[in-house]
Amino acid sequence: MKPLGIDWKPLALVPALALLALPLVGSASSWITLTAAGLAMGMIVFIIASGLTLVFGLMDVLHFGHGVFIALGAYVAISVLGVFPSWTASPSIAANLLAVLPALLAAMAVAGVLGLAFERFIIRPVYGQHLKQILITMGGAIIGEELIKVIWGAQQVALSLPEGLRGAVLLGDAAIQKYRLLAVAVGLLVFGLLTWLLARTKLGLLIRAGVQDREMVEALGYRVQRVFVGVFVLGSALAGLGGVMWGLHQQNLVPQMGAQVNVLIFIVIIIGGLGSTGGALIGALLVGLVANYTGFLWPKAALFSNIALMMAVLLWRPQGVYPVANR
Amino acid sequence: MKLQRVLSNDLPRSRWLSALLLALLLALLLTPWLIPGVRALNVAAKVMVFVVLVASFDLLLGYTGIVSFAHTMFFGIGAYGVAIACTRLGPTWLALGLGTASALLLSLLLALVIGLFSLRVRAIFFAMITLAVASAFQTLASQWSELTGGEDGLNFKLPDLLSASHRFSETAWWGVQLDGRLLCYYVLLAVTLLLFLTLLRVVNSPFGRVLQAIRENEFRAEAIGYPLVLYRTVSSMLSAWFACLAGVLLAVWLRYNGPDTSLSFDIMVEVLLIVVIGGMGTLYGAAVGATLYLMAQSYLQDLLQLASQALSSWPLAAALFSPDRWLLWLGLLFVLAVYFFPSGIVSRLRGSGGGGSGV
């Protein structure tokens, strides 16, 4: 058989970690619950991180304002869900999904449009200047967070799950929350679509080539910057989508949520390797699993578990598990 | 010339800048006599702490060209070191010294580990990793309440010599009581000056030149034979030390420390803003920027209050101008400053227009 040329070692990390945790957790049923929770969290984090890793990889833009789009998406969703009170309160899952779907779409649309504006006014003037990019996107993030406070208020808001998505499915003794299954499904859908886009379309080819070596693609006559605008908008929209998922997962929103999630996202991207969506998926799953296992086994260490994980990966592969960007 | 040696040959090189710095020094020296009251003294002390904090950050951002978001973590370590030692061991000089020493040691180790892990790979990882570590540390400090006092923080006492109850003289001099609080203020001023001049010495040493060379062109600096990781890590360790000492000064002055006073991300943003406004890559920028910023901060909130009242008939506009949203306007100011004013006040005053730091 023809060798596929896939680097399997990082792929094996996720099941290896899960199996390693099994004897530590002890009971199989809590292990299943924890693993499902970890995978669901990982999938949500992946949705948010996938766009950002391309932004980092493609244009070498150090974007520290991604968190704003997460919070924005979640807040838009809360406004949209408020329009369909009867559908979210109905026990039928179909009606719930009918209410959640427009919320997701609206969050993506608003985040995408604002991403376009963010790219135009905040990022475009500072292409190629790393220091200024960090500073200015940070400034943009502060402005965005404050604007969210102006519109939706500075205090914490509850975002309750629709009626039919609450509760858990029993698998033997193990309880898996229904919402987590939905999160995994949405995450897989996003991953599938992204993989299709990147692997099977001309645009995806350009994106991947641009991540690897932008100058060469530009020398061939393509305007990578135009592609980048598209990638940035897509990334912002995905952040909005992920923000809704994250908000429903946490069941409450604070304007600072973006900055909190941002930290996780950076860890995921560093683990995965800048510019690699596959790496981001693995990083996100690892982060989700580790967070849940340590939260259960040793709650005090949960804070530092992700950083320890990142350091361990960097010791093994200093450029992340799948180094792509040729810089 | 003596002065030249004290300033490490890095003179202000501008009449206006010299005047400004001189005025600042005089104002700090005379604040207890010129403006009576606790508030002015507190503002002056905060200015001093921030001059050290911002100058130490400039060593990293302006001179070495790397962005760290963990600077307030070291600031907090210094403040917590003193606070915890003085709470546990009582108000003795030993506790003060021990707290400072252990805080310095911890900052050094943390900076070393972070530097070796992230600077080894790519300098841009440093920004992300420091952000992650700093946020974990902030959560740790607010949750480990047996040691840190949690969200409430720690109130503690200092040796009697530095407290207001210690009188050196029964009579007031020109209306100012000569008590331990005044001594504390001048100790703070002396230490601030010393730290600032030491930093000036560092950035103007051969070591500092190498840092600037790395900032300007890392490839070339490496080709000449300077190990990047070593220089960057030492720079981040030094900057962590000075930030830690700034934290010690803060805790000594306030005799209190909590997560919001020294660790909060808002302080990190303020430091970034001050460095950018004052001018990256010049320590005088830190001094000028910190002073202007801290004065503007209270001023801006008053101004917003007025605007908000004037606009009270339009709720959305009133919300935009509410004093609670002052960070919004600072953020806007920050973005505009990075665009149109990247060389900062000091380079403007020096008349050199575009300074380096186009990294």
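Residues numbered from 1 in each chain as written. Chains lettered and ligands numbered in written order. Predicted model: local features only at pLDDT ≥ 70, side-chain atom pairs only at ≥ 80, totals over all residues.

So, the overall build of chain A
Next, step 1: When its secondary structure is counted, chain A shows 13 helices and four strands.
Next, step 2: The principal-axis extents of the C-alpha atoms in chain A amount to approximately 60 × 50 × 40 Å. (Helix = DSSP H or I, 4+ residues; strand = E, 2+ residues; numbered from the N terminus.)

Regarding the packing of helix 3 (residues 66-81) of chain A against helix 10 (residues 224-250) of chain A
All names here are of chain A.
Next, step 1: It is at 7 Å that the axes of helix 3 and helix 10 come closest, and there the two elements cross at 55°. Between helix 3 and helix 10, the angle is such that the two are oblique. Classified by chirality, the crossing of helix 10 by helix 3 is right-handed. Here H66, F69, I70, A71, L72, G73, A74 and A77 of helix 3 come into contact with helix 10, specifically with S236, A239, G240, L241, G242, G243, V244, W246 and G247.
Next, step 2: Here the contact of helix 3 with helix 10 is composed, by residue class, of ten nonpolar, seven polar and no charged. (Axes fitted to C-alpha atoms, helices over the stretch in contact; angles between N-to-C directions. Parallel < 35°, antiparallel > 145°, perpendicular 65-115°, else oblique. Left-handed = near helix turned anticlockwise from the far one by under 90°. Contact = placed C-beta atoms within 7 Å. Nonpolar A, V, L, I, M, F, W, Y, C, P; charged D, E, K, R; others polar.)

Brief notes about the pairing of strand 3 (residues 174-177) of chain A
All names here are of chain A.
Next, step 1: Pairing geometry for strand 2 (residues 168-171) and strand 3, over four bridges, is antiparallel. Counterpart to A168 in the pairing with strand 3 is Q177.
Next, step 2: Joining the antiparallel neighbours strand 2 and strand 3 is a turn of two residues, in which G172 adopts a positive phi near 65°. (Pairing = 2+ DSSP bridges.)

Looking at unusual backbone geometry
Next, step 1: In this model, Q251 of chain A sits at a positive phi of 65°, which is unusual for a non-glycine residue.
Next, step 2: Looking at the element boundaries, Q251 of chain A is found in the loop between helix 10 and strand 4 (252-253).
Next, step 3: Given 12 C-beta atoms within 10 Å, Q251 of chain A falls into the exposed group.
Next, step 4: Its identity as a non-glycine residue notwithstanding, R255 of chain B has a phi of 50°, on the positive side.
Next, step 5: Along the chain, R255 of chain B turns up in the loop between helix 11 (228-254) and strand 2 (256-257). (Buried ≥ 20, exposed ≤ 12 C-beta atoms within 10 Å, placed from the backbone.)

Quick look at helix 3 of chain A
Next, step 1: The end-to-end C-alpha distance of helix 3 of chain A, which contains 16 residues, comes to 23 Å, matching closely the 22 Å that a straight helix rising 1.5 Å per residue would cover.
Next, step 2: The element helix 3 of chain A is extensively covered by neighbouring structure, given that 15 of its 16 residues are classed as buried. (Expected span 1.5 Å × (residues − 1).)

Re helix 16 (residues 326-340) of chain B
Next, step 1: Across its 15 residues, helix 16 of chain B extends 21 Å between first and last C-alpha, which sits within 8% of the 21 Å expected from 1.5 Å per residue.
Next, step 2: Those residues of helix 16 of chain B not exposed but buried are L328, L330, G331, F334, V335 and V338 of chain B. Along the axis of helix 16 of chain B, the buried positions cluster into a sector of 165°, meaning they face one direction only. Summarising the geometry of helix 16 of chain B, the exposed residues directed more than 90 degrees from the buried face are L336 and F340 of chain B.
Next, step 3: Looking at the packing, one finds that the buried side of helix 16 of chain B touches helix 5 (93-123) and helix 6 (130-152) of chain A together with helix 13 (265-278) of chain B. (Arc of directions from axis to C-beta.)

Here's the deal with the interface of chain B and chain A
Next, step 1: Contacts between the two partners involve 34 residues from chain B and, on the opposite side, 31 residues from chain A.
Next, step 2: Within the residue set of the side of chain B that touches chain A, elements represented by two or more residues are helix 6 (123-143), helix 13, helix 15 (315-320) and helix 16 of chain B.
Next, step 3: It is helix 6 of chain B that provides the largest number of residues to the side of chain B that touches chain A, a total of eleven residues.
Next, step 4: Residue composition of the side of chain B that touches chain A, by class: 25 nonpolar, six polar and three charged.

A look at the confidence of the model for chain B
All names here are of chain B.
Next, step 1: Per-residue pLDDT for chain B averages 84, and the proportion of residues at 70 or more is 96%.
Next, step 2: Per-element averaging of pLDDT across chain B places helix 15 at the bottom with 74 and helix 11 at the top with 93.
Next, step 3: Within the model, pLDDT remains below 50 along residues 353-359, and this stretch shows 21 contacts once partners closer than five positions in the same chain are excluded.
Next, step 4: Across the interface, the model reports ipTM at 0.78; the global pTM reads 0.83. (pLDDT = per-residue confidence, 0-100.)

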